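Now for the letters of each chain:
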Amino acid sequence: MKLNRTTQRTVEILKLISKNPEGITLDEICGQLKLPKTSAYDIVTTLVEMGMANVQRGQKQTYTIGLTAYRIGINYTNNLDFLGIVEPELKAFAREVGKTVFFGVRSDHEVVYICKFEPENPIITTATVGTKNPIYCTSLGKAILASTDEDTRGQIINRIKFRKKTDNTIMTRDALEAELLKVKEQGYALDAREMEEHMECAGAAVFGPDGNVMGAISVSSLYKPGEDYHALGRLVSKKAAQVSGLLGFLGKT
């Protein structure tokens, strides 16, 4: 059977990009795959337009794996309907806690909301499905980052440009790394009014059968001084563990 050369090159480029979370330049792609620059440029440009790759513009453009490619990869894990498993669990969880529940995944140094579930009388939240927020000041992002392998985590943090959202926003690498250690120890992350002044969120990581973090669950709440957000965090952590189990995760060895 004759294989289509352009399709082969496209798959090879996607594989190479996925192995370089810190980003890879067009010259590096051409050098490693021995491709003509014009052909490789046409392919990566199309991949960016289709959301299969992200481009970071600077002195030299670098490419990272895109959300569309990530979603294709996680929709079915070991023949499991990923969203089909997650959605009913989180819909019921939203009713149980009476708060808005999100599921998000990492897209480079940001977090993308791919599911949103609301109780009967939801609060108004600015986050909607498909929107992106910084990874360093969201409970989803911090939960994912704390559960990411050390090398990848360091590469992600290197690309973060800290910007103040509220007076509580983490603004330095040292502060973020200290926060991530705390997240890892307690099993959940808090967005302590770091993204929006009136909102407090708790998030916990969800793992796939291979033990790698797939995304995270979060619960969003209007900030109330007397509310126990650590108790909420433990509740979210428990639900994340249940969802991970349904996806085939057997626990850390």
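In this text the structure is predicted, and so the values were computed from the model without any measurement.

### Here's the deal with the overall build of the protein
A count of helical and extended segments in the protein gives nine helices and eleven strands. For 253 residues, the compact-globule formula gives about 18 Å, and the C-alpha radius of gyration of the protein, at 19 Å, lands near that figure. On the principal axes, the C-alpha backbone points of the protein span a range of 60 × 40 × 35 Å. Counting every position in the protein, which comprises 253 residues, the buried fraction comes to 48%. Counted over contacts in the protein with a minimum sequence separation of 6, partners at least 24 positions apart contribute 57%.

### A look at the side chain of E194
By the secondary structure assignment, E194 is in the loop between β9 (189–192) and β10 (199–207). On the accessibility criterion, E194 (4% relative accessible area) is buried. When residues no more than four places from it in sequence are discounted, the contact partners of E194 are Y136, C137, K142, K165, T166, N168, T169 and I170.

### A word on the pairing of β9
Relative to β10, β9 runs antiparallel, the two sharing four bridges. Within β10, the position partnered with D191 by the bridge is C201. The loop that links β9 with its antiparallel partner β10 comprises six residues; one of these, R193, has a positive phi angle of about 55°.

### Comments concerning the pattern of salt bridges
Enumeration over the complete set of coordinates arrives at 13 salt bridges. The partner of D108 in a salt bridge is R159, with the nearest N and O atoms 2.4 Å apart. Taken together, the positions of D108 in the loop between β6 (100–107) and β7 (110–117) and R159 in the loop between α7 (150–158) and α8 (173–186) put the pair 51 residues apart, joining distant regions of the chain. R159 carries the same exposure label as D108, and that label is buried. K116 is the salt-bridge partner of E118, the closest N and O atoms lying 3.6 Å from each other. What makes K116 partly exposed here is its relative accessible area of 24%. Through salt bridges with shared partners, one network takes in K142, E179, K182 and E194.

### Quick look at the packing of helix α6 (residues 139–146) against α8
When two helices pack together, their arrangement is captured by the angle between the axes and the distance separating the axes. Their axes nearest at 9 Å, the elements α6 and α8 cross at an angle of 80°. As far as their axial angle goes, α8 and α6 are roughly perpendicular. Where α6 abuts α8, its residues K142, A143, L145 and A146 lie against L176, E179, L180, V183 and K184. Grouping the constituent residues of the contact of α6 with α8 by class yields six nonpolar, no polar and three charged.

### Observations regarding the sheet that holds strand β3 (residues 62–65)
In spatial order, the strands read β1-β3-β2; together these three strands make up an open sheet with antiparallel pairing. At either end of the open sheet lies a strand with only one pairing partner, and these are β1 (24–25) and β2 (53–56). Here four bridges tie β2 to β3, and the two strands are oriented antiparallel to one another. The residue of β3 that forms the bridge with A53 is I65.

### Considering the layout of surface pockets
Considered as a void within the structure, the largest pocket measures approximately 640 Å³ in volume. Residue lining of the largest pocket: 30 residues in total, with S18, I65, Y70, R106 and V213 positioned closest to the centre. Those elements that place two or more of their residues in the lining of the largest pocket are α1 (5–18), β3, α4 (67–75), β6 and β11 (213–222). Ranked by residues supplied to the lining of the largest pocket, first place goes to α4 with six residues.

### Remarks on the pairing of β7
With respect to burial, β7 is a largely interior element, six of its eight residues being buried. When β6 meets β7, the two strands line up antiparallel, connected through seven bridges. Bridge pairing links G104 to Y113 in β7. Hairpin geometry of β6 and β7 is characterised by an intervening segment of two residues between the two adjacent antiparallel strands and by a positive phi of about 60° at D108.

Each value, and the rule that gives it
- Residues numbered from 1 in each chain as written.
- Predicted model: local features only at pLDDT ≥ 70, side-chain atom pairs only at ≥ 80, totals over all residues.
- Heavy atoms only, no water.
- Helix = DSSP H or I, 4+ residues; strand = E, 2+ residues; numbered from the N terminus.
- Rg over C-alpha atoms; globule rule 2.2 N^0.38 Å.
- Buried < 20%, exposed > 50% of the residue type's maximum accessible area, 1.4 Å probe, protein only.
- Contact = heavy atoms within 4.5 Å.
- Pairing = 2+ DSSP bridges.
- Salt bridge = Lys/Arg side-chain N within 4 Å of Asp/Glu carboxyl O.
- Axes fitted to C-alpha atoms, helices over the stretch in contact; angles between N-to-C directions.
- Parallel < 35°, antiparallel > 145°, perpendicular 65-115°, else oblique.
- Nonpolar A, V, L, I, M, F, W, Y, C, P; charged D, E, K, R; others polar.
- 1 Å grid on protein atoms, 1.4 Å probe; cavity = no way out; pocket = protein on both sides within 12 Å on 5 of 7 lines; lining within 4 Å.
- Points joined across faces, edges and corners; volume = space filled by probe spheres on them.

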